[in-house]
Structure formats: C-alpha cells, structure tokens
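Coordinate analysis (summary)
The lines below spell out each chain.
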Amino acid sequence: MTTTYDVHEVAVPARAELGEGPTWDPATGRLIWVDILSSRVHTYDPASGARTVRRTEQHVGAAKPRTGGGLVLNLRDGVGLVDPDGGFRWLHRDPVPGRRGNDAAVAPDGSLWAGTMRYDETPGGGTLTRLTGDGAAETVLDDVTVSNGTGWSPDGRLMYYIDTPTRRIDVFDFADGRAVNRRQFARVEEDAGFPDGLTVDAEGCVWVALWDGGAVRRYTPAGELDRVLTLPVPRPTACAFGGPTLTDLYVTTARTGLTAPHPLAGSLLVLPGAGRGLPQPAFAG
Ligand SMILES: O=C1O[C@@H](CO)[C@H](O)[C@H]1O
C-alpha cells in the first residue's frame with residue numbers, strides 16, 4: 001500500500017535553473033546545494049534562515065563537505081577542492097568537450113563517487129568515478145548516460161545508483177570501495193517521470209526524486225514502493241535529510257526546460273519530519 005502526502009514548505013524561494021545535490025553539513029549546521037547551470041553553490045541555515053551563494057568558475061554538479069572544512073566540487077572539467085580559506089585547486093582534472101559533472105556522493109570510506117554526463121545526454125557518454133583524497137581516480141562505470149543518485153545502505157554493504165534514462169534504480173554489493181553484482185532494485189514506470197537523485201534513510205529505505213514526476217518516492221529495502229510525496233513542482237531533482245536530527249527532507253528543484261510557469265520551480269523545498277536520515281560522511285581529502 002502506498003501512502004500519499006503533499007506536506008511541504010519552501011525553505012528557500014530561489015529561482016534556480018537546475019537545483020541539485022542537497023547535502024546536510026553537520027559541521028556548519030547548514031544545507032549545501034548547487035544550481036548546476038548557474039554555477040552557484042548555495043548554503044542554507046535552517047536555524048537562522050541565513051543563506052550564502054558562491055559563484056564557481058564552471059558548472060557545478062555537486063558540492064560536498066570535506067573533513068577539516070571546505071568543499072569538494074564536481075565541476076565541468078573535473079573535481080576540485082575549496083579550502084576553508086576559500087582557496088581552490090584541482091584534485092582531478094579531466095576535461096572532455098561536451099561533458100560536465102553531475103551528481104556525486106561520499107561513500108562510507110570517505111571516497112567521492114562523482115558522476116558525469118554529456119550536455120546533450122548522449123547515451124553512454126558519461127561516467128562514474130571513485131576519487132580519494134590523494135587524487136587517485138578509478139572509473140567505475142564508463143557507459144553512463146546521466147549519472148545521478150548514489151547512496152549506501154546503513155550497513156554500507158549495498159550501493160544504490162541511478163542512471164536516469166534507464167528508469168531504473170540499481171543496487172550493487174559494496175565492500176572495500178568496490179561495487180559489484182549490479183542488479184535492478186526498482187523501476188519507475190513510463191508515466192511517473194524519471195528517477196533523478198536519491199538518499200537512503202536510517203531504516204535502509206531509498207528515497208528517489210522523480211524528474212517530470214512531481215514527487216519523491218520511498219522504496220523499502222526490498223524495493224517495494226511504500227510512500228509517495230507529491231510536490232508542487234514538476235522537476236524535483238534530488239533529496240536529502242537535514243536539520244539537527246536529520247528528520248527534515250530537503251528537495252532541490254529545477255526550472256530548466258519548463259515551458260509553463262511554476263512559481264516554486266527552482267526553490268529548495270523541505271518536508272518537515274518526513275523521516276530519519278543517515279549521517280553523511282565528509283570527503284576524506
Ligand atoms: O540531474 C540531472 O537530471 C538531468 C535530467 O535528467 C539534469 O539535466 C541533470 O543535471
């Protein structure tokens with residue numbers, strides 16, 4: 001049985017072109033998110049309402065906290081590091097014409113799993129790469145179209161992954177930094193939109209934002225759909241738990257490609273008390 005909710009609040013009434021990658025940073029008590037096509041990294045402090053916006057030199061697919069402070073950025077031409085004092089250096093520069101960074105996630109071992117895609121979404125033109133703080137980079141998947149949601153089960157033994165146009169949420173066995181035995185976990189049917197970003201909660205359930213689906217879905221660890229949260233925007237892009245108790249679900253949204261006006265498209269939405277998230281590791285580097 002699926003339960004449908006439509007409770008939500010507007011955390012930040014932004015007009016992001018392509019809001020993505022919500023990430024709670026417990027070190028600062030802020031939610032980090034990006035506007036990919038506007039080359040901006042946003043932060044939002046729910047306790048005070050304070051917001052910051054930082055311009056990046058290139059389109060930025062994701063921004064994640066680093067141990068010791070600062071950010072790791074999945075940019076157009078590769079992965080870069082922003083130091084706590086604001087300095088920037090490349091960790092892994094790998095420019096490919098027509099390709100950009102997209103979603104990324106930090107694994108339980110502190111490595112960054114960074115996805116790419118082509119601007120024209122050429123089938124198989126993207127990648128998923130594992131990076132460590134010493135700059136080592138291993139291409140894990142090299143036939144991806146739109147590398148998107150990536151997350152791990154509470155025990156770290158499963159990795160969930162989305163290549164959006166496949167309409168699948170896949171699952172891998174995960175150990176020692178390696179993802180093997182890829183198989184389908186769930187599939188989004190044709191009229192429900194496309195799976196985009198994902199997060200895993202403390203019960204091991206997988207929450208998936210549905211691009212063109214106007215909703216976030218929750219799947220049980222067995223891959224059964226058990227909750228649908230309807231949203232007032234057609235293009236939610238990603239979701240993550242945040243707040244001091246990790247119980248508020250933050251949802252990024254997009255305006256890009258919309259023809260009809262949607263007053264909340266591009267805003268950062270929040271669903272208070274939607275569930276209980278997992279602490280997300282910072283990038284060890
Ligand atoms: O995350 C993303 O989803 C796509 C649309 O499928 C969007 O362009 C990309 O950043």
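Residues numbered from 1 in each chain as written. Predicted model: local features only at pLDDT ≥ 70, side-chain atom pairs only at ≥ 80, totals over all residues. Heavy atoms only, no water.

1. Topic: the site of the ligand
Near the ligand the following residues occur: Leu18, Glu20, Ile36, Arg100, Asn102, Met117, Glu121, Asn148, Thr164, Asp196 and Trp211. Contacts to the ligand include Glu20, whose side-chain N or O atom sits 2.5 Å from an oxygen atom. Asp196 has a polar side-chain atom sitting 3.1 Å from an oxygen atom of the ligand. For the ligand, whose free accessible area comes to 280 Å², the fraction covered by protein is 92%. Taken together, the residues of the shell around the ligand break down into four nonpolar, three polar and four charged. (Near = heavy atom within 4 Å. Polar contact = N/O pair within 3.5 Å; in protein donor to acceptor, adjacent residues only side chain to side chain. Areas by Shrake-Rupley, 256 points an atom, 1.4 Å probe, with all protein chains shown as cover. Nonpolar A, V, L, I, M, F, W, Y, C, P; charged D, E, K, R; others polar.)

2. Overview of the UniProt feature "binding site: substrate" (unreviewed entry) in the chain
Mapped onto this numbering, the UniProt entry gives "binding site: substrate" (unreviewed entry) at Arg100, Asn102 and Asp120. Annotated residues spanning 21 residues; largest pairwise C-alpha distance 13.1 Å, indicating a single compact cluster. For Asn102, a relative accessible area of 3% gives the class buried. Looking at Asp120, the relative accessible area reads 60%, which means it is exposed. (UniProt positions renumbered as here; feature names shortened; annotations may be inferred. Buried < 20%, exposed > 50% of the residue type's maximum accessible area, 1.4 Å probe, protein only.)

3. Observations concerning the packing of aromatic side chains
Within the structure shown, the criterion is met by eight aromatic pairs. Centroid distance Tyr44 to Tyr250: 6.3 Å. Interplanar angle 65 degrees. Geometry classified as edge-to-face. Here Tyr250 lies in strand β24 (residues 248–253) and Tyr44 lies in strand β5 (residues 40–44), a separation of 206 residues in the sequence. Both residues of the pair, Tyr44 and Tyr250, count as buried. Site record: aromatic cluster; members linked through ring pairs are Trp113, Trp152 and Phe174. Over the face of the ring belonging to Tyr119 we find Arg100, whose NZ or CZ atom lies 5.7 Å from the ring centre. (Phe/Tyr/Trp six-rings, centres within 6.5 Å; stacked < 30°, edge-to-face > 60°. Helix = DSSP H or I, 4+ residues; strand = E, 2+ residues; numbered from the N terminus. Lys NZ or Arg CZ within 6 Å of the ring centre and 35° of its normal.)

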